[in-house]
Amino acid sequence: MIDLHCHILPGLDDGSPDLATSLAMARVALDDGIETIVATPHCFVDAGPRPDQIRTATQQLQAALADHNLPLTVLPGAEVRAHPQLAEMVSRSEVMTVADGGDYLLLEPPFIGIPNYLEQLCFELQIAGITPILAHPERAELAQHQPELCERLIERGCLIQVNAPSLHGQYGRVIRRIAADLIRRELVHIVASDAHNATSHPPVLGKVRRAVVQATGEDAFREMTELVPGEIIGAHQQETAPGW
Ligand SMILES: [Fe+2]
């Protein structure tokens, strides 16, 4: 499986605080059947790690994984908070895209409030050749209060990523119901862990396999954890895979 949203890089955000935790997260991921992780530290237009920092941190973690005989591929990425000036920054290559490929951006809507510029931002990103992937809308007022906006963004070519912990109830019953409803209505393209550590919020996807399969059928889980993420990172991964 491929985990497209994971805070595994040490010391860059509120995810893994140190290398030992990142290695522990890698072991949990491998035990779960995850072979590739896109590392997605939180980024904001005026704060958070810049692309070069993320590239360097990813290379360092990949080297440490090899040193510890952990056959996990880590690719650079970022979870980028929505902002009206974001498309401009992306066009100046100041924002890390998924797998550094320049084709997809993991875009985080705010938890509170629904920005009136969101549709415009997604449109501007698409004009720049980038497909927005909306990170965990089930946790934001976006999907909670304006599901029709979610649907409209999908119709216009945006992708939706739901958190595995949302589906197994880690954030409560309301978010679980919204996530399950999105899955049932076939509005979800990707399920990812959004892991922040190896214990309370680990990189685990297999736990929600049954829930997804029950909601939408046998092939859906594989599509959301292998096929669609595989297409998203595909070309770039072949160029950068460490060759296990
Ligand atoms: Fe995240």
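See the structure above.
What you see is a predicted model, and the numbers here were worked out from it, not measured in a lab. (Residues numbered from 1 in each chain as written. Predicted model: local features only at pLDDT ≥ 70, side-chain atom pairs only at ≥ 80, totals over all residues.)

A short note on the sheet that holds strand 3 (residues 42-43)
Working step 1: In space, the six strands of this open sheet follow the order 3-5-6-7-8-9, with parallel pairing throughout. Here the strands that pair on one side only, and so sit at the sheet edges, are strand 3 and strand 9 (190-192).
Working step 2: Where strand 7 (residues 131-135) and strand 8 (residues 159-163) come together, three bridges link them in parallel fashion. By the bridge assignment for strand 8, isoleucine 133 is matched with leucine 159. (Pairing = 2+ DSSP bridges. Helix = DSSP H or I, 4+ residues; strand = E, 2+ residues; numbered from the N terminus.)

Points about helix 2 (residues 51-67)
Working step 1: Given a rise of 1.5 Å per residue, 17 residues ought to cover 24 Å, and the 24 Å separating the end C-alpha atoms of helix 2 matches this to within 8%.
Working step 2: Of all the residues in helix 2, the buried ones are Ile54, Ala57, Thr58, Leu61 and Leu65. The buried residues of helix 2 occupy an angular sector of 105 degrees when projected down its axis, which confines them to one face. Exposed residues pointing more than 90 degrees away from the buried face of helix 2 are listed as Asp52, Ala63 and Asp67.
Working step 3: Packing partners of the buried residues in helix 2 comprise helix 1 (19-32), strand 2 (36-39) and strand 4 (73-76).
Working step 4: Residue asparagine 69 follows helix 2 closely and has a positive phi angle near 55 degrees. (Expected span 1.5 Å × (residues − 1). Buried ≥ 20, exposed ≤ 12 C-beta atoms within 10 Å, placed from the backbone. Arc of directions from axis to C-beta. Contact = placed C-beta atoms within 7 Å.)

So, the packing of helix 8 (residues 173-184) against helix 9 (residues 209-216)
Working step 1: Look at helix 8 against helix 9: their axes get within 8 Å of each other, and the N-to-C directions meet at 50 degrees. In this view, helix 8 runs oblique relative to helix 9, as classed from their interaxial angle. Remark: the crossing between helix 8 and helix 9 carries right-handed chirality. Counting all contacts with helix 8, which are made through Ala180, Ile183 and Arg184, the residues of helix 9 involved are Ala211, Val212, Ala215 and Thr216.
Working step 2: Per-class residue counts for the contact of helix 8 with helix 9 are five nonpolar, one polar and one charged. (Axes fitted to C-alpha atoms, helices over the stretch in contact; angles between N-to-C directions. Parallel < 35°, antiparallel > 145°, perpendicular 65-115°, else oblique. Left-handed = near helix turned anticlockwise from the far one by under 90°. Nonpolar A, V, L, I, M, F, W, Y, C, P; charged D, E, K, R; others polar.)

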